[in-house]
Amino acid sequence: MAEPGIHFLDAHGPDGVRLYAIGDVHGRLDLLAAMHGQIEAEIARDLVADWRIIHLGDYVDRGPDSKGVIDFLIEARARDPRNIMLAGNHDIGLLDFLKTPDPVGLFIRFGGIQTAQSYGVTINNGSGVWFGKAESAMRKGHQALLEAVPRSHVDFLRSLPFSVTSGDFFFCHAGIRPGIALENQNPQDLVWIRDDFHDHTGLFAKVVVHGHTPVPEAEVMANRVNVDTLAWQSGMLTALVVDGVDKRILEMSIKEP
């Protein structure tokens, strides 16, 4: 017999630990740094004994400073391992491009040009030039990016887990496959799923906190919470805060520089 699901209103965080789950950053270092500043101020103000800051993936692409975001996250995790970073599909896409420069892959089509620029590299996506020349230009850009991305950044991206569980909450980038136990979820679903997950109205074993699919403001449902508010374009980065049974939404807004 299946275990009864947990409703958001009834869900508890772990005893004595405050959780912050931050949505998709996409190169907006300004928003990420400001959000961390706000969180640190709250932790100091409220004398929080223990905490976790969970980043839900998609640190790169589209926004202006993917390199700076990764530098920031590496430093934050080294300073305190309670800063937890999960993998997003765009983060995996950067690794895929570094391995094989696909001219029609995720990286080239959806914001990787801006990621390369943050490392000081220009990559031609082939528009306006004939195929042979475009392929040659991309290979040159790919090689330049391989040389520009620090080994520490590659190691960081490869180290990212696909999910984490804390209290009555399950955190991942995109969502889960309904009907599959949380411990048996396919990593591909955890970073890519949309409709099958969003359309499911039943409760899950834990409340799923995710990003991946942009919404104008945090979407709080009985079985899931979406905190991807299109930060790179909207200028608003969003987090879910869980402290025992108390839950709230934290927003940080800065217009794109």
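Predicted model, so just to flag it, every value in this text is computed and none were measured.

Rules and cut-offs
Residues numbered from 1 in each chain as written. Predicted model: local features only at pLDDT ≥ 70, side-chain atom pairs only at ≥ 80, totals over all residues. Heavy atoms only, no water. Core = buried A, V, L, I, M, F, W, Y, C linked by side-chain atoms within 4.5 Å. Buried < 20%, exposed > 50% of the residue type's maximum accessible area, 1.4 Å probe, protein only. Helix = DSSP H or I, 4+ residues; strand = E, 2+ residues; numbered from the N terminus. Contact = heavy atoms within 4.5 Å. Pairing = 2+ DSSP bridges. Axes fitted to C-alpha atoms, helices over the stretch in contact; angles between N-to-C directions. Salt bridge = Lys/Arg side-chain N within 4 Å of Asp/Glu carboxyl O. Polar contact = N/O pair within 3.5 Å; in protein donor to acceptor, adjacent residues only side chain to side chain.

Enquirer: Explanation requested: the nonpolar core in the structure shown.
Expert: Side chains that are nonpolar tend, in soluble globular proteins, to be buried together. Core analysis: the largest hydrophobic core is formed by 43 residues, its most contacted members being Met35, Ile39, Ile123 and Leu145. With five residues, the top contributor of residues to this core is helix 1 (residues 29-45). Those residues in contact with Ile123 that lie beyond four places of it in its chain are Phe97, Phe107, Ile108, Ile113, Ala116, Gly141 and Leu145. The next biggest cluster of nonpolar side chains, apart from the first, holds 18 residues, and it includes Leu86, Val207, Val209 and Val227.

Enquirer: Which parts of the structure should I look at to understand the pairing of strand 6 (residues 207-210)?
Expert: Across a regular strand the side chains alternate sides, sitting on one face of the sheet and then on the other. Taking every second residue as pointing to the same face, both faces of strand 6 are buried, with Val207 and Val209 on one and Val208 and His210 on the other. Relative to strand 6, strand 5 (residues 169-172) runs parallel, the two being bridged by three bridges. The residue bridging Phe169 from the neighbouring strand is Val207, located in strand 6. In this structure, strand 6 lies alongside strand 8 (residues 224-226), joined through three bridges in parallel fashion. Its bridge partner being in strand 8, Val209 is matched across the sheet by Val225.

Enquirer: What's the story with the sheet that holds strand 2 (residues 51-55) in this structure? I'm lost.
Expert: Note: strands within a sheet are paired through backbone hydrogen bonds, in either parallel or antiparallel orientation. Reading across the sheet, the five strands line up as 3-2-1-9-10 and stay open at both edges, with mixed pairing between neighbours. The open sheet terminates on both sides in strands that have one partner only, identified here as strand 3 (83-85) and strand 10 (246-253). Each strand axis lies, on average, 20° off the axis of its neighbour in the sheet, ignoring direction. Pairing between strand 1 (residues 18-22) and strand 2: five bridges, direction parallel. Bridge pairing in strand 2 places Ala21 opposite Ile54. The sheet contacts of helix 1 involve strand 1, strand 2, strand 3, strand 9 (236-243) and strand 10, and relative to strand 10 the element is tilted by about 140°.

Enquirer: Just to check I follow, could you spell out the pattern of salt bridges for this structure?
Expert: Once their charged atoms are close, side chains differing in charge can pair, the charge on each being opposite to the other. With the rule as written, the count across this model stands at 16 salt bridges. When the shortest N-O distance is used, the salt bridge between Asp46 and Arg45 registers 2.8 Å. With relative accessibility at 56%, the residue Arg45 sits in the exposed group. One salt bridge connects Glu75 with Arg79, and the closest N-O pair in it is separated by 2.3 Å. Of this pair, Glu75 and Arg79 both sit in helix 2 (residues 66-79), separated by four residues, roughly a single helical turn.

Enquirer: What am I meant to see in unusual backbone geometry here?
Expert: Most peptide bonds adopt trans geometry, and most residues besides glycine take a negative phi value. Of note in this structure, Leu47 is not a glycine but carries a positive phi near 55°. Positionally, Leu47 belongs in the loop between helix 1 and strand 2. By relative accessible area, Leu47 is classed as exposed at 75%.

Enquirer: Could you clarify how one ought to interpret the side chain of Thr213 in this entry?
Expert: Locating Thr213 in the fold gives a position in the loop between strand 6 and strand 7 (219-220). One polar contact links Thr213 to Arg194, side chain to side chain, over a distance of 2.7 Å. The contact partners of Thr213, leaving out residues within four places of it in the chain, are Arg194, His198, Asn226 and Asp228.

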